[in-house]
Amino acid sequence: MMKKQNKNTIPTALLVCIIAVFVSFLSSCKKEEWNGITKLNGQVLNSKNDQPVPNATVRLYVRRDNANNFQVIKETKADTNGKYNLEFKSESEELYKLDA
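Now for a quick tour of the structure.

**What to know about the side chain of Thr 57**
Next, step 1: The residue Thr 57 is located in strand 2 (residues 57-63) in this model.
Next, step 2: Of the residues examined, Thr 57 reaches a relative accessible area of 17% and is grouped as buried.
Next, step 3: One polar contact links Thr 57 to Lys 77, side chain to side chain, over a distance of 2.8 Å.
Next, step 4: Excluding anything up to four places from it in sequence, Thr 57 contacts Glu 75, Thr 76, Lys 77, Asp 99 and Ala 100.

Shown next, in the form of structure tokens:
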């Protein structure tokens, strides 16, 4: 007597192929060493109308003590569409804030 195959099950060979492709994909991903450089990018928008703010000054601060005293460590200008890019060397123990 022949065994009845359920049409809703995935054939074993197909399942094995899917798993093999997934494992291959995961093993091809390279983990890069973190060099302490953090890259920030974004867009400055007006909080009242959500329109870009051209040429906005974007400042990055770091907290220097536990009293919430922040010091500017990096500053950049947004482009005419309010977009900015900022790179800085970061430390995992530090607290940072960004404003425009």
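Next comes the rest of the account.
**Notes on the sheet that holds strand 2**
Paired through backbone hydrogen bonds, the strands of a sheet run either parallel or antiparallel to each other.
Next, step 1: The strand order across the open sheet built from 3 strands is 3-2-5, with neighbouring strands paired in antiparallel fashion. A single partner strand is all that each edge strand has here, and the edge strands are strand 3 (70-77) and strand 5 (96-99). In this sheet, neighbouring strand axes are inclined to one another by 20° on average, regardless of whether the strands run parallel or antiparallel.
Next, step 2: Pairing analysis gives 7 bridges linking strand 2 to strand 3, with the strands arranged antiparallel.

**A closer look at the nonpolar core**
Next, step 1: Among the nonpolar cores identified, the biggest contains 8 residues, and these are Val 44, Ala 56, Val 58, Leu 60, Ala 78, Tyr 84, Leu 86 and Phe 88.
Next, step 2: For this core, the secondary-structure elements that each account for two or more residues are strand 2 and strand 4 (83-89).
Next, step 3: The leading source of residues in this core is strand 4, at 3 residues.
Next, step 4: Non-local contacts of Val 44, meaning those with residues more than four positions away in its chain, are made with Gln 51, Pro 52, Val 53, Ala 56, Val 58, Gly 82, Tyr 84 and Ala 100.

**Concerning unusual backbone geometry**
Next, step 1: The backbone of Asp 50 shows a phi angle near 55°, a positive value even though the residue is not glycine.
Next, step 2: When you line up the elements, Asp 50 lands in the loop between strand 1 (37-43) and strand 2.
Next, step 3: Positive phi values are uncommon outside glycine, yet Asn 55 reaches one of about 60°.
Next, step 4: Structurally, the position occupied by Asn 55 is in the loop between strand 1 and strand 2.

Scoring rules and cut-offs
- Residues numbered from 1 in each chain as written.
- Predicted model: local features only at pLDDT ≥ 70, side-chain atom pairs only at ≥ 80, totals over all residues.
- Heavy atoms only, no water.
- Helix = DSSP H or I, 4+ residues; strand = E, 2+ residues; numbered from the N terminus.
- Buried < 20%, exposed > 50% of the residue type's maximum accessible area, 1.4 Å probe, protein only.
- Polar contact = N/O pair within 3.5 Å; in protein donor to acceptor, adjacent residues only side chain to side chain.
- Contact = heavy atoms within 4.5 Å.
- Pairing = 2+ DSSP bridges.
- Axes fitted to C-alpha atoms, helices over the stretch in contact; angles between N-to-C directions.
- Core = buried A, V, L, I, M, F, W, Y, C linked by side-chain atoms within 4.5 Å.

No statement about biological role is implied by the geometric values presented.
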